[in-house]
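Single-letter residue listing:
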There are 2 protein chains.
Amino acid sequence: MQERPKRGGLAAVAKAAGVSPATVSRAFNLPELVNDAVRARILAVAAEQQYRPDPAARALRSRRTHMIGVALPTLDYSIFARLINRFQSRFAEEGYTTIILTTGFDNRNIHDSVQLLLDRGAEAVLLVGAVEDAKVNEILAETQVPFVTTYSFPKGSAVPAVGFDNGEATQAATEHLLALGHRHFAMIAGLTDGNDRQRDRIAAYRRCLERAGATGADRVVCHGFDMAAGGRALAEIMDHYPDTTAIVCNTDIFAVGAYAECRKRGIRVPDDLSIIGFDDAEYAPLLDPPLTTIAVPADEMGLCAAEALLAALKSKAPPQERCMDTTLTLRGSTAAPRHKS
Amino acid sequence: MQERPKRGGLAAVAKAAGVSPATVSRAFNLPELVNDAVRARILAVAAEQQYRPDPAARALRSRRTHMIGVALPTLDYSIFARLINRFQSRFAEEGYTTIILTTGFDNRNIHDSVQLLLDRGAEAVLLVGAVEDAKVNEILAETQVPFVTTYSFPKGSAVPAVGFDNGEATQAATEHLLALGHRHFAMIAGLTDGNDRQRDRIAAYRRCLERAGATGADRVVCHGFDMAAGGRALAEIMDHYPDTTAIVCNTDIFAVGAYAECRKRGIRVPDDLSIIGFDDAEYAPLLDPPLTTIAVPADEMGLCAAEALLAALKSKAPPQERCMDTTLTLRGSTAAPRHKS
DNA sequence: CTGAAAGCGCTTACAG
DNA sequence: CTGAAAGCGCTTACAG
């Protein structure tokens, strides 16, 4: 007959090991307080019984849930998936479980999501972009839970950031095109409502063009957040501003749609039109032509955001901010304009 | 002075409403047992105090965590992200929180992930593909927790499936190419270790070719699971089997890499080489040429898997299986071969 | 329809 | 280094 170890709670382990429940608890949570031999015996019994501490009981008594909350725009952007992967695995190493909520791109209405994360017991929270929901700022002021935001680096925000300067990134892209000789620009952007990344990129784009006296500061087009939106935006741009020779896309996702629309219209990239992306998605170097884009340190941000929150959890101090660099990655989709105007 | 509502537990609500804690609990969880007027009063007080039930206490006492576990190969495949999005939002409607773990594509070693989900209190679990980990099957036999697997439809599995027949899907793709007149095939596949989807697709591909007397049953190449792997696989295929005119990719992700490698080599799609994908990713119709692929009902599977688990949770019966259809979606990347051999 | 009482499975002062 | 006791915040028989 197969001797299957019987499962039981901490009390069962205590009894079998001939110690008190308190000692079993300590053997796991405060091992340095327990005699080595006793501890070894407890661990052996626990393993034999396949003892699993009940997270609910542990959380109730210790007031620590070991849960981390994340509110993301979407999991459908692989750049966020990568970031979260790193973030989550770092926390997993420390015994934390991550719960993820998707909220869309508008940060003016993330209150319910944040509240839900907190209601579920999140001990720390990761957000994306500047918080623009007054109700969330109220929560922030009242709670001890450390928050970090990523993917942007808002000045003077209530939420510490582990991100990068979106304006600087777009500036590098726009100046690259300017340096190539482009004078007629357009931008394919996402919605700016409750989205500081988009606003920062648009503002930087406009600033560069105005400083250079180039055309296109007002040619900022948005048709949504997916690939098809990029195609529709390209269509609108070429219909309204056929003199455009350079397009700044606020994500590589838009660039994919834009490429397809160019093909449909017989527009050659980069001969007729230079296109630049954002994020350096996996497919960026594989497009035809390979996409010039801005490489964003997604893995590093995920890891670093986790470290910042972990440290805050230990020290009870606010999380440490960190501003990372992006890299303008030149590939084949940008070139000097053929016809100077 | 701003009158801020003071937070408190259930006991505080009970006192303020002049009822017992039990009645407050019932007002939320068993409303039909509480007098309407009393209940209204309790709800008003609770709202004023911003009462939030403690999930740990609730879980400990009721033995219900309201957590659902998911173990996925990766979040980086947008098809899984979509599936999980739907799955999660359906459960959220019912007050459940979803916790997601990524495990890679090899199902022979998911035991630790599944155990972790269970240890965290998952009341139901979603998996991808056939379970090939004996230790997981042991867990399955011992636990009452309902499991569902998705994305494949294994026969006689211990885990009920809400998925589709991968062999049938690949058969449709291969027969399409055969009907166009192709005789020399290759397949770009993922690793088959612990991955029934890959094995089913490869088997179907081979069966079709053998039945038709076409070449390529042994030309199944794998270089990993990302886009670059698709490119390397294409290179290997064309280096070793230059007569190949048709390639079946086991994900659109491989097709992106294959397209890029074709361009590099001056191979024209579909004139020189027909390529067919799997999954119908967002970019499939936007590639050049648009990718013929197999559309998979990701949203529907996510929703349906959630429903199956929800029903199982209520009825205590095993989850209901469901086999869905895929759709061979013809676009521009497949055509008759130029040179019959 | 409501309340008093017990208890879910742990952790943590407190005492030794 | 260890144990006895209390208690985290709820829910749930049980009794009325």
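Residue positions are given per chain, counted from 1 along the sequence in the order it is written. Numbering of ligands from 1 and lettering of chains from A proceed in the order in which they are written. At least 70 in pLDDT is required for a residue's local features to be given in this predicted model, at least 80 for side-chain atom pairs to be given and counted, and no such filter applies to totals for whole chains, interfaces and linings, which use all residues.

The name that an unreviewed UniProt entry assigns to chain A is LacI family transcriptional regulator, with the source organism given as Tabrizicola oligotrophica.

Enquirer: Would you take a moment to explain the overall build of chain A for this structure?
Expert: Helix and strand counts for chain A stand at twelve helices and twelve strands. Here the globule rule is a power law, 2.2 Å times the number of residues to the power 0.38, and the radius of gyration is based on C-alpha atoms. Since a compact globule built from 341 residues should have a radius of gyration of about 20 Å, the 26 Å found for chain A marks it as more spread out than a globular shape. Around each residue's C-beta, the other C-beta atoms within 10 Å are counted; 20 or more make the residue buried, 12 or fewer make it exposed, and counts in between make it partly exposed. All C-beta atoms are placed from the backbone. Looking at chain A as a whole, 51% of its 341 residues qualify as buried. Helix numbers and strand numbers start at the N terminus; a helix is a DSSP run of H or I with at least 4 residues, a strand a run of E with at least 2.

Enquirer: In this structure, what is going on with the relation of the copies chain B and chain A? I would like to understand it.
Expert: In this arrangement, two copies of a chain are superimposed by a rotation about an axis accompanied by a shift along the axis. Fitting of the copies onto one another was done by least squares over C-alpha atoms, counting residues only where both copies have pLDDT of at least 70. When chain B is brought onto chain A, the operation consists of a screw motion whose angular component is 180° and whose axial shift is 0.0 Å, with 0.0 Å RMSD remaining. The symmetry that links the two subunits is that of a two-fold axis. Relative to the rotation axis, the closest C-alpha in chain B is found at A56 of chain B, a distance of 2.3 Å. When the interface residues of chain B are mapped onto chain A, 100% of them again fall at the interface, so both copies present the same face. Note on contacts: each residue gets a C-beta atom placed from the backbone, and two residues are in contact if those atoms are within 7 Å.

Enquirer: Looking at this structure, I do not really get the domain arrangement of chain A. What am I missing?
Expert: Accessible area lost during the coming together of the parts is what is often quoted as the interface size. Domain ranges listed in this record stem from an automatic or a database domain assignment. Segmenting chain A into domains produces domain 1 (10-53), domain 2 (65-164 + 298-326) and domain 3 (166-296). Computed over C-alpha atoms only, the centres of domain 1 of chain A and domain 2 of chain A are separated by 35 Å.

Enquirer: Explain the environment of P154 of chain B to me, please; I cannot follow it from the model alone.
Expert: Along the chain, the position of P154 of chain B falls in the loop between strand 4 (147-150) and strand 5 (161-164). In this structure P154 of chain B touches A130, A161 and D196 of chain B, once residues within four positions along its chain are discounted.

Enquirer: Sorry if this is basic, but what is going on with the interface of chain B and chain A here?
Expert: Listed per partner, the contact involves 31 residues of chain B and 31 residues of chain A. Those elements giving two or more residues to the side of chain B that touches chain A turn out to be helix 4 (55-62), helix 5 (78-93), strand 2 (97-102) and helix 11 (252-265) of chain B. By residue class, the composition of the side of chain B that touches chain A is 15 nonpolar, seven polar and nine charged. Gly is put with the polar residues, along with every residue not named as nonpolar or charged; the nonpolar set is Ala, Val, Leu, Ile, Met, Phe, Trp, Tyr, Cys and Pro, and the charged set is Asp, Glu, Lys and Arg.

Enquirer: How should I be thinking about the UniProt feature "domain: HTH lacI-type" (unreviewed entry) in chain A in this particular structure?
Expert: UniProt positions are given in the numbering used here, feature names are shortened, and annotations may be inferred rather than shown by experiment. Here the UniProt-annotated "domain: HTH lacI-type" (unreviewed entry) positions come out as residues 10-62 of chain A. From the first C-alpha to the last, residues 10-62 of chain A spans 15 Å; its make-up is 72% helix and 0% strand.

Enquirer: Just to check I follow, could you spell out the protein's contact with DNA strand C for this structure?
Expert: Any residue whose backbone-placed C-beta atom lies within 6 Å of a molecule or strand is treated as near that molecule or strand. Near DNA strand C there are 25 residues, and of these L10, A22, S25 and A57 of chain A together with R61 of chain B occur at the shortest range. The residue inventory of the surface near DNA strand C, partitioned by class, reads 13 nonpolar, seven polar and five charged.

Enquirer: Help me out: how do you make sense of unusual backbone geometry in this one?
Expert: The omega torsion across V269 of chain A and P270 of chain A is 5°, close enough to zero to call that bond cis. Non-glycine residue Q50 of chain B carries a positive phi angle of around 50°. Accessibility expressed as a C-beta count within 10 Å gives 13 for Q50 of chain B, which makes it partly exposed.

Enquirer: Mind showing me how you'd approach the sheet that holds strand 8 (residues 246-249) of chain B here?
Expert: Sheet strands line up and pair through hydrogen bonds in the backbone, either parallel or antiparallel. All names here are of chain B. Any two strands with at least two DSSP-identified bridges between them are counted as paired. Across the sheet, which stays open at both edges, the four strands sit in the order 7-6-8-9 with parallel pairing between neighbours. On the outer flanks of this sheet lie strand 7 (220-221) and strand 9 (274-276), each paired with one strand and no other. Across four bridges, the pairing between strand 6 (residues 185-188) and strand 8 is parallel. By the bridge assignment, A186 is partnered in strand 8 with I247.

Enquirer: How should the sheet that holds strand 7 (residues 220-221) of chain A be read in this particular structure?
Expert: Residues and elements named next belong to chain A. Strand order in the open sheet formed by four strands is 7-6-8-9, with parallel pairing between adjacent strands. Two strands close off the open sheet at either side, each with one partner strand: strand 7 and strand 9 (274-276). In this analysis an axis means a line fitted to C-alpha atoms, helices contributing only their contacting stretch, and an angle means the value between N-to-C directions, from 0 to 180 degrees. Across the sheet, helix 8 (residues 166-179) touches strand 6 (185-188), strand 8 (246-249) and strand 9, and the angle it forms with strand 8 is around 170°. Sheet strands in contact with helix 11 (residues 252-265) are strand 6, strand 8 and strand 9, and its direction is about 140° off that of strand 8.

Enquirer: Help me understand helix 6 (residues 111-119) of chain A in this model?
Expert: Since there are 3.6 residues in each turn of an α-helix, residues three or four apart along the chain are aligned in direction. Residue and element names in this part refer to chain A. Those residues of helix 6 lying buried are S113, V114 and L117. The arc enclosing the buried residues of helix 6, seen along the axis, measures out at 95°, which places them on a common side. Those residues of helix 6 hidden inside the fold are in contact with strand 1 (67-72), strand 2 (97-102), strand 3 (124-128) and helix 7 (134-142). G121 sits one or two positions beyond helix 6 and adopts a positive phi of about 100°. An arc is given here, and it is the one of the directions from the helix axis to the C-beta atoms.

Enquirer: It is not clear to me how the pairing of strand 4 (residues 147-150) of chain A should be interpreted in this structure. Could you clarify?
Expert: Side-chain positions along a regular strand alternate between the two faces of the sheet. Residue and element names in this part refer to chain A. Every second residue of strand 4 is oriented toward a common face, with F147 and T149 on one face and V148 and T150 on the other, all of them buried. Seen with its strands pointing away from the viewer, a crossover is right-handed if its path from the first strand over the helix to the second goes clockwise. Following the chain from strand 3 across helix 7 to the adjacent parallel strand 4, one finds a crossover that is right-handed. Pairing of strand 4 with strand 5 (residues 161-164) involves two bridges; the strand directions are parallel. Bridge pairing in strand 5 places T149 opposite A161.

Enquirer: How should I be thinking about the pairing of strand 5 of chain A in this particular structure?
Expert: All names here are of chain A. Here strand 5 shows two buried faces, one formed by A161 and G163 and the other by V162 and F164. Alignment of strand 5 against strand 11 (residues 322-324), held across three bridges, turns out to be parallel. Looking at strand 11, one finds that V162 is bridged to R322.

Enquirer: Looking at this model, I keep getting lost on the packing of helix 1 (residues 10-17) of chain A against helix 2 (residues 21-29) of chain A. Mind explaining?
Expert: A pair of packed helices is captured by two measures, namely the crossing angle of their axes and the spacing between those axes. All names here are of chain A. Contact geometry of helix 1 with helix 2 gives a least axis separation of 8 Å together with a crossing angle of 105°. Relative to helix 2, the element helix 1 lies roughly perpendicular. Of the residues in helix 2, those in contact with L10, A11, V13, A14 and A17 of helix 1 are P21, V24 and S25. Here the residues of the contact of helix 1 with helix 2 are counted per class, giving seven nonpolar, one polar and no charged. Angles are sorted into four bins: roughly parallel if under 35 degrees, roughly antiparallel if over 145, roughly perpendicular if 65 to 115, and oblique for all others.

Enquirer: Before we go on, may I ask you to explain the environment of V159 of chain B in this structure?
Expert: Residues and elements named next belong to chain B. As for its placement among the helices and strands, V159 is situated in the loop between strand 4 and strand 5. A count of 22 C-beta atoms within 10 Å places V159 in the buried class. Sequence separation between V159 and V131 is 28 residues, and the spatial gap between their C-alpha atoms is 7.5 Å. Ignoring anything within four residues of it in the chain, the contact list for V159 reads L127, V131, L140, F147, V148 and T149.

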